[in-house]
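This is what each chain is made of:
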Amino acid sequence: MTKRRIANASRAIVALTCALALLVAATTRTAQAQDDDDDAPPAQAGGPLALNPEQRAAVGIVVAQAAPAKPGERIAAFAHVLDPSTLTADLGEVDATRAAERSATAEATRLQGLYKAGAGASLRNLEAAQAEVAKARAEADAASARFAQRWSPLASDALRRKIVDGVASGKIALVRVDVPGRLLLGTLPPSASLDIDGIAVEGRVLGPLMQAGEAQGAAMLVAIDHPPAGLAAGARIAATLVGSARSGFLVPRGAIVYEEGGAFVYHELAQKPGDDKTYYARKPVTLLMRSGDGWLVDGLDDDDRIVVRGNGVLWSLEGIGSMPADDDD
């Protein structure tokens, strides 16, 4: 049996189990039925599915109005409270090596002036001083590179000074937030929520970190203003990154059907006067993100009535109606 025949057989089993007595009537197609609000045409060439009240009750169709929403994207992560002395030590190393570079450069400049003036500075002393300049510059560049890798969001002098002062006074706690399984985050979330003993503590995302951690995923530096007392360095806590709000429509997870051509939902078409049948058609949607127990999608209208229960039966009936009549079926 080919894959196509297996898929058709699966559809038939689902439909026969749910509404065996209704198949003949439920698979009736009404090509002339049109949506009064200019809805997109159904994906199937045969037109929308038509069910009368008895058939709807037997199948268990439940519809609900599409709900517009604008939730913020939420990404599960975990946080590690950083030791503030590490930042102080790394910053001190940068300052010390740069100071050593300036001192070595000044000495080399002085000896070069004396050598050119013939005032007692030997060429050997000058070359030794120039070698010290090269060594000091290499050490300073290495220290700056290490600082940039560990604390890249603090590249700005003004921000670095503010953060260092806040950390030193205990008014700011720095936290590394890792997102396992993701190397890219796209648009950086503006804030993070940390679960500390069941209390949600908000933090500011300062920027991405350039050094991978144990999770081997994307990471960022987060600052917590006025951290709770007792939040010690080295603590590991659950975190949630809160991204920018996105507009769309919230639909239950079970309302979405996914096939090779993409995701879609079944929506209820406007009923014509005097017609006791209700018509259902596909409507393609774009999955934006998970939100609670459902999905935020794009492609719906404010007046769309979405099938939230019974769409599996509609999908099965739709498949039976389009089955080819093979000689050996």
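Residue positions are given per chain, counted from 1 along the sequence in the order it is written. Local features in this predicted model are restricted to residues of pLDDT 70 or higher, and side-chain atom pairs are both shown and tallied only at a pLDDT of 80 or more, whereas totals for entire chains, interfaces and linings draw on every residue. To obtain the side-chain values, all non-hydrogen atoms of the structure were included, while hydrogens and water were left out.

(A) Quick look at the packing of helix α4 (residues 84-117) against helix α5 (residues 123-150). Between N-to-C directions, angles span 0 to 180 degrees; the directions come from axes that are lines fitted to C-alpha atoms, helices contributing only their stretch in contact. Per the convention used, a helix needs a DSSP run of H or I reaching at least four residues, while a strand needs a run of E reaching at least two, with both numbered from the N terminus. Two numbers describe how α4 lies on α5: the axes approach to 8 Å, and their chain directions differ by 160°. One way to sum up the angle between α4 and α5 is to call them roughly antiparallel. For the pair α4 and α5, the crossing hand works out as left-handed. When the residues that make up the contact of α4 with α5 are grouped by side-chain class, the tally is 16 nonpolar, six polar and ten charged. Working definition: roughly parallel below 35 degrees, roughly antiparallel above 145 degrees, roughly perpendicular at 65 to 115 degrees, and oblique for all remaining angles. Note: crossing handedness is left-handed where the near helix turns anticlockwise from the far helix by less than a right angle, and right-handed where it turns clockwise. Asp, Glu, Lys and Arg are counted as charged, while Ala, Val, Leu, Ile, Met, Phe, Trp, Tyr, Cys and Pro are counted as nonpolar; the rest, among them Gly, fall into the polar class.

(B) Representation of the sheet that holds strand β3 (residues 67-69) in the model. Pairing in this open sheet of four strands is antiparallel, and the strands run β3-β10-β15-β14 from one edge to the other. Across the chains shown, the open sheet's two edge strands, defined by having one partner strand only, are β3 and β14 (286-291). Shown here is a sheet whose adjacent strand axes are inclined to one another by a mean of 40°, direction ignored. Bridge count between strand β10 (residues 248-252) and strand β15 (residues 294-298): four bridges; the pairing is antiparallel. Bridging across to β15, Leu 250 finds its partner in Leu 296. The pairing criterion is simple: DSSP has to find at least two bridges between the two strands.

(C) Structural detail: the pairing of β10. In this sheet, β10 lies alongside β3 in antiparallel orientation, the contact comprising three bridges. Residue pairing across strands places Pro 68 opposite Phe 249, the latter belonging to β10.

(D) Quick peek at the packing of α4 against helix α6 (residues 157-169). Between α4 and α6, whose axes approach to 10 Å, the crossing angle comes to 135°. The orientation of α4 with respect to α6, classified from their angle, is oblique. Seen along the crossing, α4 lies across α6 with a hand that is left-handed. Only Arg 160, Ile 163, Val 164 and Val 167 of α6 make contact with α4, whose side of the interface consists of Pro 84, Leu 87 and Leu 91. Of the residues in the contact of α4 with α6, the class split is six nonpolar, no polar and one charged. We call two residues in contact when some of their heavy atoms are within 4.5 Å.

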